[in-house]
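Below are the chains, spelled out letter by letter.
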Amino acid sequence: MAFALDGFDLDRFVRETLAEDLGEGLPGGGIDVTSESVIPAEARFSGVMDTRDAIEVAGLPVAEAFFRALDPDMKIGILVEEGASVPAGTDLMRLEGNARAMLTAERSALNTVQHLSGIATMVAHYVRAMDNPGCTLLDTRKTIPGLRMLEKYAVRMGGGANHRMGLWDAAMIKDNHVLVAGNVGEAVRRAVEAGVKDIICEVDRIDQIEPALEAGATRLLLDNMEPDTLREAVALVAGRVPTEASGGITLATIQAKAATGVDYVSVGRLTQSAPAADIGLDFTPL
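So, a few notes on the structure that sits alongside this text.

Procedures and definitions
Residues numbered from 1 in each chain as written. Predicted model: local features only at pLDDT ≥ 70, side-chain atom pairs only at ≥ 80, totals over all residues. Heavy atoms only, no water. Buried < 20%, exposed > 50% of the residue type's maximum accessible area, 1.4 Å probe, protein only. Helix = DSSP H or I, 4+ residues; strand = E, 2+ residues; numbered from the N terminus. Pairing = 2+ DSSP bridges. Right-handed = clockwise from strand over helix to strand, strands pointing away. Axes fitted to C-alpha atoms, helices over the stretch in contact; angles between N-to-C directions. Contact = heavy atoms within 4.5 Å.

1. Concerning the pairing of strand E8 (residues 199-203)
- Within E8, five of the five residues are buried, which leaves the element mostly enclosed by the surrounding structure.
- By the alternation rule, side chains of E8 split into Ile 199, Cys 201 and Val 203 and Ile 200 and Glu 202, which are all buried.
- The pairing of strand E7 (residues 171-173) with E8 spans three bridges and is classified as parallel. Within the sheet, the bridge partner assigned to Ala 171 lies in E8 and is Ile 199.
- In the sheet, E8 pairs with strand E9 (residues 219-223) via four bridges, with the strands oriented parallel. Within E9, the residue paired with Ile 200 across the bridge is Arg 219.
- Handedness of the crossover is the feature at issue here: the chain leaves E8, passes through helix H8 (residues 209-215), returns alongside E9, and the resulting connection is right-handed.

2. As for the sheet that holds E7
- Strand order in the open sheet formed by six strands is E6-E11-E10-E9-E8-E7, and the pairing between neighbours is parallel. Taken across any chain shown, the strands that pair with only one partner, and hence form the sheet edges, are strand E6 (136-138) and E7. Shown here is a sheet whose adjacent strand axes are inclined to one another by a mean of 25°, direction ignored.
- Packed onto the sheet, helix H4 (residues 99-130) meets E6 and strand E11 (264-266) and runs at close to 145° relative to E6.
- Sheet strands touched by helix H7 (residues 184-193): E7 and E8. Its angle to E8, the strand with the most contacts, is close to 170°.

Just distances and angles here, no functional claims.
Next up, the structure:
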């Protein structure tokens with residue numbers, strides 16, 4: 001299954017992850033001591049990866065890349081589509097190939113699929129709880145260093161969308177920027193004067209809305225506002241720019257906040273705190 005993400009080098013990710021697990025460059029490293037001491041070099045396994053949870057699937061092509069890196073001739077069948085919603089007990093992947101390669105790649109492959117499917121599954125729970133096709137669920141920059149591209153991919157597989165990808169593709173003016181600039185309007189004006197195209201401005205008070213808009217903000221992030229305040233804010237903006245609700249939003253509160261008329265709801269815990277899905281891989285000697 002072809003897999004490509006802008007800005008993400010799959011081969012490098014696989015290579016560096018396996019090198020970490022094998023201890024390459026460390027004294028005595030560069031080897032799976034258990035597999036090489038216990039499993040004959042010519043031994044072959046078949047394997048089935050399955051989920052013990054009901055999940056939204058993400059990361060199977062990355063898992064495939066781990067196995068192929070160690071056995072290019074391994075027979076691999078991916079059984080479900082990325083982003084599919086599947087019940088517990090579903091087989092996700094079948095494998096047949098060199099037993100040592102399978103065992104060495106197993107943990108890296110499973111860790112990736114468990115983590116990404118966990119994110120996708122949490123996102124799907126939030127989308128269902130939001131129950132509002134007119135409002136888009138967004139992630140944030142609260143990602144594990146080195147995994148952002150994969151984690152944001154998993155958000156899309158779960159039915160959400162991505163906020164800015166990093167510090168480079170949009171300005172986000174928050175309270176500390178305002179503190180230095182002096183006020184919201186001045187902070188936004190500085191970004192405008194610098195030629196920044198997309199300027200997201202965080203406001204946590206109603207009286208900050210007009211200064212931000214007048215200065216040229218292109219989106220307002222309405223931070224830690226209760227539903228009644230959000231409705232007031234949306235009415236004041238009156239469609240001039242998109243609005244986003246953010247700050248401590250949970251499965252219990254997301255529906256009410258999305259119903260206020262905001263265009264987006266962003267939730268940091270989608271990538272920061274999603275539990276890993278329970279996915280296993282069972283082998284049979286051939």
